[in-house]
Structure formats: C-alpha cells, structure tokens
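Remarks on the overall topology
Residue-level listing of the chains:
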Amino acid sequence: MASVSAAESLQEEVAQQKALLRDLQNQKADAALIEEAKKKLADLQKSFGLLQSAMKAGGSTKKGRLLLKTPKGTRDYGPSEMHCREFIERTVKDCFTTYGGGCLDTPVFERKDILAGKYGEDAKLIFDLMDQGGEQLALRYDHTVPLARYLAMNGAQATQAKLWQVGKVYRRDNPVISKGRMREFSQADFDIAGIWDVMIPDAELISLLCTILSKLDVGEFTVKINHRKILDGIFEVCGVPADKIRTISSAVDKLDKSPWSEVKHEMTETKGLDPAVADRIGEYVKHKGGPELLETLKADAALMANPSAKAGIEEMAILFGYLKSYKPKKKAKKAQTGQDEEDEEIDESTVGVGSIAAGGRYDNLVGMFTAAAAGESKKAAQLPCVGVSIGLDRVFAIVWPRWVSKGMRSKETMAYVMSAGDGLLNERVELAQELRANGIKVSGTWFSLCSAALANSRGQTDFLFKAKPKLPAQFAAGERDEVPFAIILGETELKEGLVTVKEQYWELVDGKKQKIESADKGVKVKRADLVQWLKDRPIMKDWDSGRFL
C-alpha cells in the first residue's frame, strides 16, 4: 500500500509539473525558468517510471527499488546555485547589520502549544512532529512566533531592540518551485521591539527593505503599505458587524493574491456579509496610491468622523514624512490611482513569483505569551513589535535566471596553482597556503575532485590526484571554475625567484560562457611580490567590489 500511495503522489507531482511547464511556455517566461521546469519534469518522470517498474517486478515478496527524490516541496541546490544563494544571504545580512540589528537563532522546531492558535486559517499548514520524549512538537512556521516566545522568556524587557534571524521555516502548502513557493524555505526577518515614537520603526523597516531589494537588483518592485486602523475604520463606516470585522479583514488581506471578485465572493458567500456592505468596502479597498491618496481620504467626511480611520490616516501622513528623509536610491514603482488601476487589476498568483517580502506589527503577541505563562492572576508584560520578513527562495527565483544570463561565476576561487614539467607538489602546496593566508582563494591539482553532479553542472568527470600532473589537465581543471589567474611553477623560474602568471577571461556567446582564447603565455612575476601583484590587478579589485561575482 505504501508503494501505491507513493506512486499516486508522484503521479500528481508529474501532472502539476507538466501544468507548470505549459504555463511558463504560454507566458514566454525566462528561458532559464523553462529549462529548470523541464529538468524537474524529466526527473519526476524518471522517478515515476522507476517506481512503476519496481512495483510491477516486485510483488509482495520482493524488495522494491529505492525512490531517489527529495520530499514534495523541497529541493537540492547545487554548488552554482548555492554560490548565488550565499550572495543573496550575505547581502541581506550585511544590510541587517548596517541597520543596527543583532543576530538571533531559535530552534527549527517548537512546542506545539507555542505555535497553536497564532496563525488563524493557516494553522492547517503547520507540520506536526511525533511525540518526542513527552513533548508535542511542530516545525516552525515562521520566525515571528519563535521571536515572541524568546522575548517573553526573557521577561519582555528587551526595550528598543533590533533583532534579525535567517533560517529555514516549514509549511505544509501546495508548492510551486519555479515561483519559490516551497514547503521548506528560507526566510530572513528583521524585527524592532519596544516602545518607540509612532511610525519611526515602520519607516526604518521600509527603508531597510528597499535597500536590500535594490542591492539585490531584483528589478522594479512595489512596496504596498496599509494601516489596520484605516481598514477597521472603513469596515465600521461601511457597516460590517463588529463580530465579523476580523474574518472580513482576513478576506481583504487576500487582495494581494486574488482579484476583487474572488474576495467579494468569500466575504458574501462564505462569511455571510451583506453584498451591499461588500460593495461599499470595494469602493475603498480598490484605491491605491501614496501621499495623494491620503488627501482623498481626508476629504471623506464619513471616514474622518470615524476615530480609528482618522488616527490611521494621521499616522500614515507621519510615515510618508519620515520616508522622504530616507531618500532610497532606487524608488519603488508608484501604484496608479483612479479608474486605470481597476482596469489593470492582476491576479498575482498567475504571474512572476508574487510577493517576496511582508511585514507588520504584532504588538500583543509577546504579551499573549507572558500572560499565558504568568497565569490569570498576574499582570502580563507587554512589548510592542514590528518586523519585516523576506522570502529568500522567492528572491532566488528572481535573481538566479539573471545570474545565469549574465554569466556570473559559480565559485570564488581566484588562483589556480599548477606546475610545468616536474610535479613540484611541495612547492605548489606552499604557494597555495601562502596565498590563502593572504586572503586569496586558491585551488590546486593535488585535491581537485569534480563529477558530473558537482562540477558546476558542466558535465565534467575528473579526479586529479597526481604528484606529477600534466599541464593541459591542470589548465582544464582550473578552467572548469573559470579561475582568472593561472599560476605556473617551473623549476628554472623558481630558482630565479619567479613564477609565471597567466590571466584568463571568459565571455558570453549565444548565452553560453566561453573562454577567450589567447596566445599570451603569461608574465613573469617575482615570487616574493606575487601576493601584492595579484591584489593590484583589476580583476581582483573588481571581484572584491562584487562586480564579477
């Protein structure tokens, strides 16, 4: 029965991947995304075929073949992809520290009662674990609840703290890998805890997010901002019953992913809201804009008569005033206003990767934990918080195709030490160690292991572990990693205190990386001056600046 269940699950994945591939082709998506989808489909079909063969041949008395695949909604990342992902993560972490954040790390699983009741309708997406030593556990769904638990455990006394965390989280969702929607994925969170003057931490987080996305060069992006006080005020003005405000609010939150027609259907048919009230809400929530929209809302007498809406509008005006001072280098695309915006309404689930970051306030979550821990008789400490979370897998889904199209490197090795004539193994090792000690990343032929799966997806199968390797084989090993400096040792040159250095260059030809062939045999450099000579070369300086990742 287990094999049948696995086959059905795998068959479903094959069907989903075929549908995804058709969608990408119909949308004329980036060639790299289409190629990735084709490869994924081929792998799934191969696994499905192997499983079917094993089931047919095995019967009940034979052991079936091992199904080699990652669990649904997860994937492996090869060395080239990981080089890109590490670049993304480094960029995010550098921005986090630049904005004054301190690093936090929490367990990948939590007690189930810590996570229970914190996610509303999404609670069904939490991965439960079996009983472990008397504790009911679950994989963390995000970083927010673990952070709130951490702050509550420390007495909710960390006033005016900036904390960040980068790590994997887990959701039992329907995955779409090409869009970065996974069951296991990486999130980067930056949170500000404590009592601050109104809207200052909010402006800081928006500036941080814009800085990160600009540095990662994700392309044109839009930051959408709303205020719960304004939304609650709109609901009250439109006539939403008090007992339905939270459920209707959760429906409106889906406007980022679903068109208004679907949201209205949920409000009226599923949650029982009067259609006339839904129509009045629709007239408000379709508005989008910046400071100019605030002026429109201020002119609405009914809205400004509502205390909640009035307070929210005034706070948003303060926020926009602060944002002018941050002056981001790359501004987000302004949303349009008026009838044209309605005409351009887009179902986000059908295009691109959708939302890549989100954030908001959770002023009562820490207090909820402290109250539960203290018991009803004691007053719970409160600690307001606001934060932003970036989906690194979704960012990767955007950056990786561009990375490939630009021919970005897949390793950081800058120098490859080799020998001409006699092997000179000891001399190669000594030079490599000297360069590494001076911050130059080096490889050498005495431990070069490359396989079809690991050699940057270039299909090379090689293992060089020789005391006297041939020079062409050494060049080939270095070229697989696109190493810009080939350092060649020769017995005669070493006696003269010299080494030969050949600079190597690559270019994109019809979308493929090719080495630029040259008759240049390299230059002689004094062995004692080699480190500084390398550091002074334009290639090395460009690499250090991040231009040729």
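Scroll up for the structure.
Residues numbered from 1 in each chain as written. Predicted model: local features only at pLDDT ≥ 70, side-chain atom pairs only at ≥ 80, totals over all residues. Heavy atoms only, no water.

Thoughts on helix α13 (residues 307–326)
- The first and last C-alpha atoms of α13 sit 30 Å apart over 20 residues, in line with the 28 Å expected at 1.5 Å per residue.
- For α13, the set of buried residues is Ser308, Ala309, Gly312, Ile313, Glu315, Met316, Leu319, Phe320 and Leu323.
- A distance of 3.1 Å separates the backbone nitrogen of Ser308 from a side-chain oxygen at the start of α13, and that oxygen is part of Asn306.
- Just downstream of α13, Lys327 is the residue with a positive phi angle, here 45°. (Helix = DSSP H or I, 4+ residues; strand = E, 2+ residues; numbered from the N terminus. Expected span 1.5 Å × (residues − 1). Buried < 20%, exposed > 50% of the residue type's maximum accessible area, 1.4 Å probe, protein only. Polar contact = N/O pair within 3.5 Å; in protein donor to acceptor, adjacent residues only side chain to side chain.)

Topic: the sheet that holds strand β4 (residues 161–170)
- Read across the sheet, five strands follow the order β1-β4-β5-β7-β6 without closing on themselves; strand pairing throughout is mixed. In this open sheet, the two edge strands, each paired with only one partner strand, are β1 (102–103) and β6 (357–361).
- Where β4 and strand β5 (residues 184–193) come together, ten bridges link them in antiparallel fashion. If you follow Ala161 over to β5, its bridge partner there is Ala193. (Pairing = 2+ DSSP bridges.)

Structural notes on the pattern of salt bridges
- Summed over all chains, the structure comprises 30 salt bridges.
- Among the salt bridges present, the one from Arg75 reaches Glu81, with a minimum N-O distance of 2.6 Å. When sorted by exposure, Arg75 lands in the same class as Glu81, which is buried.
- Note that Lys264 is salt-bridged to Asp279, the shortest N-O span being 2.6 Å. One end of the pair, Lys264, is in helix α9 (residues 260–270); the other, Asp279, is in helix α10 (residues 275–285), and 15 residues separate them in sequence. (Salt bridge = Lys/Arg side-chain N within 4 Å of Asp/Glu carboxyl O.)

Brief notes about unusual backbone geometry
- For Asp217, which is not a glycine, the phi torsion comes out positive at approximately 55°.
- Residue placement: Asp217 occurs in the loop between α6 (200–215) and α7 (228–238).
- Overall, the relative accessible area of 33% leaves Asp217 in the partly exposed class.
- The phi dihedral of Glu482 falls on the positive side, at around 55°, and the residue is not glycine.
- By the element assignment, Glu482 lies in the loop between α18 (471–480) and β12 (485–489).
- In this structure Glu482 comes out as buried when scored by relative accessible area, which is 5%.

Brief notes about the pairing of β4
- Across the ten residues that make up β4, a large majority, seven, are buried.
- In this sheet, β4 lies alongside β1 in parallel orientation, the contact comprising two bridges. Residue pairing for β4: Gly102 is matched across the bridge by Leu163.

Concerning a nonpolar patch on the surface
- On the surface, Val198, Ile200, Ile318 and Tyr322 cluster together into a nonpolar patch covering about 280 Å² of accessible area.
- For Ile318, the position within the fold is in helix α13.
- On the basis of relative accessible area, Ile318 is assigned to the partly exposed category, the value being 32%. (Patch = residues over 30% accessible without salt bridge, like charges linked within 9 Å, V, L, I, M, F, W, Y side chains within 5 Å. Areas by Shrake-Rupley, 256 points an atom, 1.4 Å probe, with all protein chains shown as cover.)

Things to note about helix α11 (residues 291–298)
- For α11, every residue scored as buried is listed here: Leu293, Leu294 and Leu297. Buried positions in α11, seen along its axis, are confined to an arc of 105° and lie on one side of it.
- Packing partners of the buried residues in α11 comprise α12 (301–304) and α13. (Arc of directions from axis to C-beta. Contact = heavy atoms within 4.5 Å.)

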